[in-house]
Structure formats: structure tokens, C-alpha cells
Amino acid sequence: MCSKPSGSPACADLSFPSENASAVLYAPAFSAVYVEEAAAGLPRTRQILQKLPKATVIPCKSYREIFNRPHQEPTRQKHAPALILAVGQPPFLYDGAPVCQDFGNRHFYYTSGVMNCIFDCEYCYLQGMYNSGHITVFVNLEDTFAALENILREHEAYVCISYDTDLLALEPLLSMVSAWMDFAKDRPGLTLELRTKSAAEGVLRKLPVQENVILALTLSPEPVITAYEHRTPTLAARLHMANTALSLGWPVRLCFDPMLAVHDAASVYNAMFDEVIRTVPMAKIRDASVGVFRISREYLRRMRRCRTSAVTCYPYELQNGVYAYPPDIANRLLSLARERLGAVLPEDRLFFWESESAQEVTP
Ligand code: SF4
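Every value quoted in this text rests on a predicted model; they were computed, and no experiment measured them. Counting restarts for each chain, with residues numbered from 1 along the sequence as it is written. Thresholds applied to this predicted model are a pLDDT of at least 70 for local features of residues and 80 or more for the giving and counting of side-chain atom pairs; totals over whole chains, interfaces and linings are not thresholded and use all residues.

Engineer: Lay out the sheet that holds strand S8 (residues 135-138) in plain terms, naming residues and giving numbers.
Structural biologist: Read from one edge to the other, the open sheet built from 5 strands follows the order S2-S1-S3-S8-S6, with strand pairing classed as mixed. Either end of the sheet is taken by a strand with one partner, and the two such strands are strand S2 (56-60) and strand S6 (114-115). Two strands are counted as paired when DSSP detects at least two bridges linking them. Segments assigned H or I by DSSP are reported as helices when at least four residues long, segments assigned E as strands when at least two residues long, and all are numbered from the N terminus. Bridging between strand S1 (residues 32-36) and strand S3 (residues 83-86) involves 3 bridges; their strand directions are parallel. For Tyr 34, the partnering residue across the bridge sits in S3 and is Ile 84.

Shown next, in the form of C-alpha cells:
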């Protein structure tokens, strides 16, 4: 989706970068659009297809025929993903997983209206979840709103809307962030988290600012972005995005998650925190979240099959079905973040994801 090389400052159009010479062999992203029978003719399907006038549209009975097909090569498909438009089935909202930060919210949900992402992070758990590098969009977002409306009649809700994707990066094509924000306005019992690595400020400026919609920007050191977060904006671009969002009045969360045990991690992460603290007025930040890389056993097994990478091949320790760094390594990373962020943010605005075994070892 990003038109500029890996680590480019913004990502606002729908063509992929030429990362290497072989990339020219790939068709542009979304040059093929599969449309599930049930999704054909629905308003959101029509709107999306109107934005892709050159795409080859291929009807299919079910998105599963394409997305769940065995023996795909997700890493290669990510160079030129197809788009799959489908109708999602209940449940439209899921309880937050134990490996996820709940920010102290009692009723924490996520929704998976889009499956897969235009970015290509080597540590991304989606590689362990899906057989495919293509992107499936469930166009019946209104059914999710109806399900959420029922929940909101009972109690408040905190919903992560950009969970198995990067919804803001896809906004020029899908307009789903604006639909969510429209639903959230005048519903004070609802809080949305929009997590992103996008630095598309033009897209952000077109959205309204709402107290109950948190822009959660994931930040990583530049060497980590270059090595592992392919096609994502640079750290400088993400920090610029954070400042723009703050100046527009967005509640902004900074996410340092996942921290990776890279070579010389202390100086790599210290350099990042120096840049963040120098660039962003931290007093204006709503909160920050920190976590080290962790992944379920099954997902890591599948990720190792489709991608050989320093992240996937690291000798993690298995802790209660979750692969994670040995506690001393995890604690070193977390302590560094706690020290740097604790100096600029009060304790109640800092959220740390720590496994039980990581907490057992005092740094
Ligand atoms: S931006 Fe997030 S969802 Fe997208 S590939 Fe990277 S880790 Fe996965």
C-alpha cells in the first residue's frame, strides 16, 4: 500500500514499493479483487470497487476458497496482495486475548473486520494465524455495530478496531475508520482504540477528533523498523504523526510493543527513547504501553514455516503455552523502558505487559 521504500515517511496511496529488482515482476496491490457472492452489490462493496477501477473482479462463493486455501505463500503474496470482499458472520466482537494489554478496561473487546495488513512485519502474529497474505474485508460493518449496540445496552465497552490489520493505513480505500468514528460519536460508554503504524497525516486530518477514540501509534527504533517492519513509515514520520495528532486534539497513546531483543538493544532503544522524548511533548500523551515480543506456541510454529527470520528463529522459552524471551532478557528490556518513560510519564499512565515468569525475576 505504501508507494515509498521501506521506512518511508508516509503511506497514503495504494501502490506498493519496489523493494528490490524482482518486485517489478509483481502486479500492483489489489489488482485482483475477489467478491464473495453474499457481498456482491452491498453498498460498501460498491464503494470499494469504485476506488479500484483497474482491478480484475473475480466472483467467488466464499472468501474461504481464496483466503483459507492450503499451501499458499503469504510472504510472497504480501508483495501484491489480492483484496477479498466478504460478509462476516457472528460473533463480530471477541474478548481480548490474554497476551494483549487491556489498559485496565473491564469490558475489553476486539473486532476483526479486516484480516491481514498491508505492512509486513517479520514478527507479526498474523503470519501464524492466516494461510494467506491476501487481505479480507468484511463489508457488513453495520452488523458489528448492531452487536456492539447490544453490548452497550448492558455495560460500557472498550474496543480495539485495528486488531488483525492496520485500519488507518487502509482508510483511503475502506473508509472504515470514519464509519467507526461516526458510530462512536454520542456513545460515551464506548471507547475505541485505533492502533497503527501509519503516518498518513492527510488521512488523519480528514477524520474528526473524538475524546473516545484513541490513536495508538506503535513506535520502534529505526534499526528495528528497517530490519523487521517492512513497508512501514520511519520513526521520524511516526513521531511527526504523533505531534500532528496531538495538535489536532486526538487522545494519543504511544505503544512500544513489541520490544525486541536485538543486538545492542540497550543503545538501540535508548536512542529511540531519546528521540521520542526530545520530539514529542510527553505531558500531552494520554498514556503509553510497553511489551516485549511474545507469541503463542502454535502461531510461532506456523511463522517459522513461512519465514526464516532472526525474530522467528530466536530460541524463545515456552511459558504457559506462550513463547517469550527468557525472564532476565525480558526484564532488561522492560526495565529500560520503565526507567526512560517513568521519568516523563506518571505511573498511572504507563501500562506494561509482563508475563508471570518475567515478573518473577527482579531486574
Ligand atoms: S503493522 Fe501490525 S498488523 Fe501490520 S504487519 Fe505489522 S505487526 Fe502485523
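Engineer: Tell me about unusual backbone geometry, and name the residues and values.
Structural biologist: Here the amide bond leading from Pro 90 into Pro 91 is cis, since omega sits at 0°, within 30 degrees of zero. Considering the arrangement of structural elements, one finds Pro 91 in the loop between S3 and strand S4 (94-95). Note that the residue after Asp 257, namely Pro 258, is joined by a cis bond; omega there is 10°. Looking at the element boundaries, Pro 258 is found in strand S13 (residues 252-259). Despite not being glycine, His 71 has its phi angle at roughly 60°, a positive value. Mapped onto the secondary structure, His 71 falls in the loop between helix H2 (64-67) and helix H3 (74-77). With C-beta atoms placed from the backbone, the exposure class of a residue follows from how many other C-beta atoms lie within 10 Å of its own: 20 or more, buried; 12 or fewer, exposed; in between, partly exposed. For His 71, a count of 5 C-beta atoms within 10 Å gives the class exposed.

Engineer: Give me helix H10 (residues 235-248): which residues, what numbers.
Structural biologist: In a helix, the anticipated span is given by 1.5 Å times the number of residues less one. End to end, H10 covers 20 Å across 14 residues, agreeing with the expected 20 Å (1.5 Å per residue, within 8%). Those residues of H10 that fall on the buried side of the exposure criterion are Leu 235, Ala 237, Arg 238, Leu 239, Met 241, Ala 242 and Ala 245. Note on H10: the residue one or two positions beyond its end, Gly 249, has a positive phi of about 105°.

Engineer: Now, about the sheet that holds strand S17 (residues 322-324): what can you tell me, with residues and values included?
Structural biologist: Taken together, 3 strands build an open sheet; the order of strands is S15-S17-S16 and the sheet is antiparallel. On the outer flanks of this sheet lie strand S15 (294-296) and strand S16 (317-319), each paired with one strand and no other. The sheet shows a mean angle of 35° between the axes of neighbouring strands, taken without regard to direction. Any residue pair is listed as a contact if its two C-beta atoms, each placed from the backbone, are within 7 Å. Axis geometry follows a simple rule: fit a line to the C-alpha atoms, using only the stretch in contact for helices, then measure angles between N-to-C directions, giving values from 0 to 180 degrees. Its contacts with the sheet put helix H12 (residues 297-306) on S15, S16 and S17, and the angle it makes with S15 is roughly 95°.

Engineer: Requested: an account of the site of the ligand, with residues and values cited.
Structural biologist: Around the ligand, the neighbouring residues are Cys 117, Phe 119, Asp 120, Cys 121, Cys 124, Leu 126, Thr 165, Asp 166 and Lys 197. Residues belonging to the shell around the ligand are distributed by class as follows: 5 nonpolar, 1 polar and 3 charged. Each residue receives a C-beta atom placed from its backbone. It is near a molecule or strand if this atom lies within 6 Å of it. For this classification, Asp, Glu, Lys and Arg are treated as charged, while Ala, Val, Leu, Ile, Met, Phe, Trp, Tyr, Cys and Pro are nonpolar and the rest, including Gly, are polar.

Engineer: Before we move on, could you go through the pairing of S1 and cite the residues and values that matter?
Structural biologist: Looking along a regular strand, one sees the side chains alternate between the two faces of the sheet. In terms of strand pairing, S1 meets S2 through 5 bridges, oriented parallel. Across the sheet, Ala 32 pairs through a bridge with Thr 56, a residue of S2. The parallel pair S1 and S2 is bridged by helix H1 (residues 43-50), and the resulting crossover is right-handed. Here, the term right-handed applies to a crossover whose path from the first strand over the helix to the second runs clockwise when the strands point away from the viewer.

Engineer: Break down the confidence of the model for the chain for me, with residues and values.
Structural biologist: For the chain, per-residue confidence averages 90 on the pLDDT scale, and residues scoring 70 or more make up 89% of the total. Counting contacts from residues 357-363, a segment whose pLDDT is below 50, to residues more than four positions away or on other chains yields 14 contacts. The quantity called pLDDT is the predictor's confidence in a given residue, expressed from 0 to 100.

Engineer: With reference to specific residues and values, describe helix H13 (residues 327-342).
Structural biologist: Look at H13: 21 Å from first C-alpha to last across 16 residues, which is about the 22 Å you get at 1.5 Å a residue. Regarding H13, the residues found buried are Pro 327, Ala 330, Asn 331, Leu 333, Leu 334, Ala 337 and Leu 341. The arc enclosing the buried residues of H13, seen along the axis, measures out at 165°, which places them on a common side. Pointing more than 90 degrees away from the buried face of H13 are the exposed residues Asp 328 and Glu 339. Think of the arc as the fan of directions from the helix axis to the C-beta atoms.

Engineer: Could you give me a rundown of the packing of helix H11 (residues 265-279) against H13, with the residues and numbers involved?
Structural biologist: Relative orientation of the contacting elements H11 and H13 amounts to 25°, with a least axis distance of 11 Å. It follows from the interaxial angle that H11 and H13 lie roughly parallel. Classified by chirality, the crossing of H13 by H11 is right-handed. Judged by residue contacts, Ala 265, Ala 266, Tyr 269, Asn 270 and Phe 273 of H11 engage Leu 333, Leu 336 and Arg 340 from H13. Grouping the amino acids of the contact of H11 with H13 by side-chain chemistry returns 6 nonpolar, 1 polar and 1 charged. With respect to orientation, any angle under 35 degrees is reported as roughly parallel, any angle over 145 as roughly antiparallel, any angle of 65 to 115 as roughly perpendicular, and every other angle as oblique. Crossing handedness is read from the near helix: turned anticlockwise from the far helix by less than a right angle, it gives a left-handed crossing, and turned clockwise, a right-handed one.

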